[in-house]
Amino acid sequence: MILSDFRESLGANLVLLFVMTAVIFLFLYTYGQYRFSTHNYNVLRKNLSNFVYFEDFVIDFGGKESYRETMEVVNQINDFDAVKTAYYYLGTEGFLGDLRCNVSVYNEDIRKLCPEPEKGEWFTQGKNEDGSFNVVVAGSDFYNAKVGSEYTFYIGLPGTEQVEVKIRICGVMGFPSYFPSFSGGGTFVGANKLFTPGDCIIFDNEAIQSIIDARPEMFHGSMNRIVEFEPDASEEEIEECLQYFSSRGTYHDEEEILNQSREDLAYFFKTAMLFPLFLLFTAGLTFLSISTLSVYKKIDKQAVYYLVGCSKKRILADVLIQIGIVSFVSGLLNILFALSYSFLRAKQIILMDNVLFDSQVIWVTIGILLFIYALTAMTVVLILRKKSPVALLRKFEN
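Here the structure is a predicted model, which means the values were calculated and not measured.

A. Fine view of the packing of aromatic side chains. Under the definition given, this model contains 16 aromatic pairs. Summarising the aromatic geometry, the rings of Phe-153 and Phe-203 are spaced 6.3 Å apart at their centres and angled 40° between planes, so their arrangement reads as tilted. Placement of Phe-153 in strand β7 (residues 150-155) and of Phe-203 in strand β11 (residues 200-204) is noted, with a sequence separation of 50 residues between them. Phe-203 matches Phe-153 in its accessibility class, with the two residues each being buried. An angle of 45° between the planes, with centres 6.1 Å apart, marks the rings of Phe-337 and Tyr-341 as tilted. Of this pair, Phe-337 and Tyr-341 both sit in helix α8 (residues 312-346), four residues apart, roughly one helical turn. Of the two residues, Phe-337 and Tyr-341, neither departs from the other in class, the shared state being buried. The rings of Phe-27, Tyr-31, Tyr-34, Phe-268 and Phe-269 are connected pair by pair, giving a single aromatic cluster.

B. Structural view of helix α4 (residues 205-214). When α4 is considered as a whole, its buried residues turn out to be Asn-205, Ala-207, Ile-208, Ile-211 and Ile-212. Take α4 and look down its axis: the buried residues cluster within an arc of 140°, on one side only. Those residues of α4 that are exposed and aimed more than 90 degrees away from the buried face are Glu-206, Asp-213 and Ala-214. Between the side-chain oxygen at the start of α4 and the backbone nitrogen of Glu-206 there is a gap of 3.3 Å, and the oxygen is on Asp-204.

C. Looking closely at the side chain of Thr-21. One can find Thr-21 in helix α2 (residues 10-47). Excluding residues within four positions of it along the chain, Thr-21 makes contact with Ser-330, Leu-333 and Asn-334.

D. Layout of the pattern of salt bridges. A full pass over the atoms with the stated rule returns nine salt bridges. Measuring nitrogen to oxygen at the nearest pair gives 2.8 Å for the salt bridge that ties Asp-204 to Arg-111. Residue Asp-204 is found in strand β11, and its partner Arg-111 is found in the loop between β4 (99-106) and β5 (119-120); the two are separated by 93 residues along the sequence. In terms of burial, Asp-204 and Arg-111 fall into one category: buried. Two residues, Asp-130 and Arg-168, come together in a salt bridge whose shortest N-O distance is 3.0 Å. In this pair, Asp-130 is assigned in the loop between β5 and β6 (133-138) and Arg-168 in strand β8 (residues 163-172), connecting sequence segments 38 residues apart.

E. Examining empty space enclosed by the protein more closely. In total, this model carries one cavity of 30 Å³ or more according to the counting rule given. Lining the largest cavity we find Tyr-88, Leu-90, Val-105, Tyr-106, Asn-107 and Asn-205. Across the lining of the largest cavity, the residue classes tally to four nonpolar, two polar and no charged.

F. Looking closely at unusual backbone geometry. One non-glycine residue, Asn-50, adopts positive backbone phi at about 55°. Tracing the backbone through its elements, the reader meets Asn-50 in the loop between α2 and β1 (51-56). Note on Asn-50: relative accessible area 29%, which makes it partly exposed.

Reading the values: rules and limits
- Residues numbered from 1 in each chain as written.
- Predicted model: local features only at pLDDT ≥ 70, side-chain atom pairs only at ≥ 80, totals over all residues.
- Heavy atoms only, no water.
- Phe/Tyr/Trp six-rings, centres within 6.5 Å; stacked < 30°, edge-to-face > 60°.
- Helix = DSSP H or I, 4+ residues; strand = E, 2+ residues; numbered from the N terminus.
- Buried < 20%, exposed > 50% of the residue type's maximum accessible area, 1.4 Å probe, protein only.
- Arc of directions from axis to C-beta.
- Polar contact = N/O pair within 3.5 Å; in protein donor to acceptor, adjacent residues only side chain to side chain.
- Contact = heavy atoms within 4.5 Å.
- Salt bridge = Lys/Arg side-chain N within 4 Å of Asp/Glu carboxyl O.
- 1 Å grid on protein atoms, 1.4 Å probe; cavity = no way out; pocket = protein on both sides within 12 Å on 5 of 7 lines; lining within 4 Å.
- Points joined across faces, edges and corners; volume = space filled by probe spheres on them.
- Nonpolar A, V, L, I, M, F, W, Y, C, P; charged D, E, K, R; others polar.

Below, the structure is given as structure tokens:
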């Protein structure tokens, strides 16, 4: 009975299934973008307090003295009584076979602004007894990397005196792997300007320090840095530090950055989310209308079922199951895609930038589907419970 009725309206059901699947996917994708844009904001809000973002206009970023200048400024900042930690970045480049890689050097403090490895862990020790370096890798080139794998890595660019080292992968980052960049700046600074997609090999700063000391010209520092103040720092101590920042550039405090981040998120929601929400609303009304029309279209058959002994509950259940098939399949296709996206991205089958399919995205999608189905089901229930199928048939024929 259910299958035969479903086959009779197969064309309409397939069109409805396609529309619902496409509209839900558009909403899923756009909401995934919104979730992705909240990622960096949440990292700052949860892991830092009482901080400023310092833009240094004096330091020669990328110059031969970049490392030395970076460390001089970091040491000067850390000397202030108000300062708890100055977060900074060191980097260089190197080669893993023919693959050119970015190299990042992180200390233990900055790791709390980074995601946790999807496979393995952060290095508990930066260097092993055999002289190899433990590293964490991130980016599309390393999605399939295996924890424990060992490689020969060359630090430095072609044409320079490269340093050969042995590396052992102890952690592999998943998606999204966003890391502090310390390169963004301007009049308006939100959380997204402070992070960049991670596509790099990460070394422990203490383990690699001997190479940095021997070849400092190979490493560059960051123009800017995040400075976190002590919880009990006085206003006078903080003001002394802020005056130093002003003498070298400018700074943005915690309230300014978080407020700008919220404004950025609100603007994204207004500009990017309204259209998918409108389409979702339209698709929901279409689903409701077609389902209601389907009930009236088949009222003669339902009347026959009723006359030969089928109860109203059985007829109602059959109708609701037919409606539920379209809802279930359209939702299932989208949820399966969201759950498998990490695998598809790792295999580089599908690559979509700046989108995050986390559990919240999936539960919101399930909630919307349940709402549309519940609204449609209530409408159908009201139609069929108000009068018997025979009475509805008489009214429909008249």
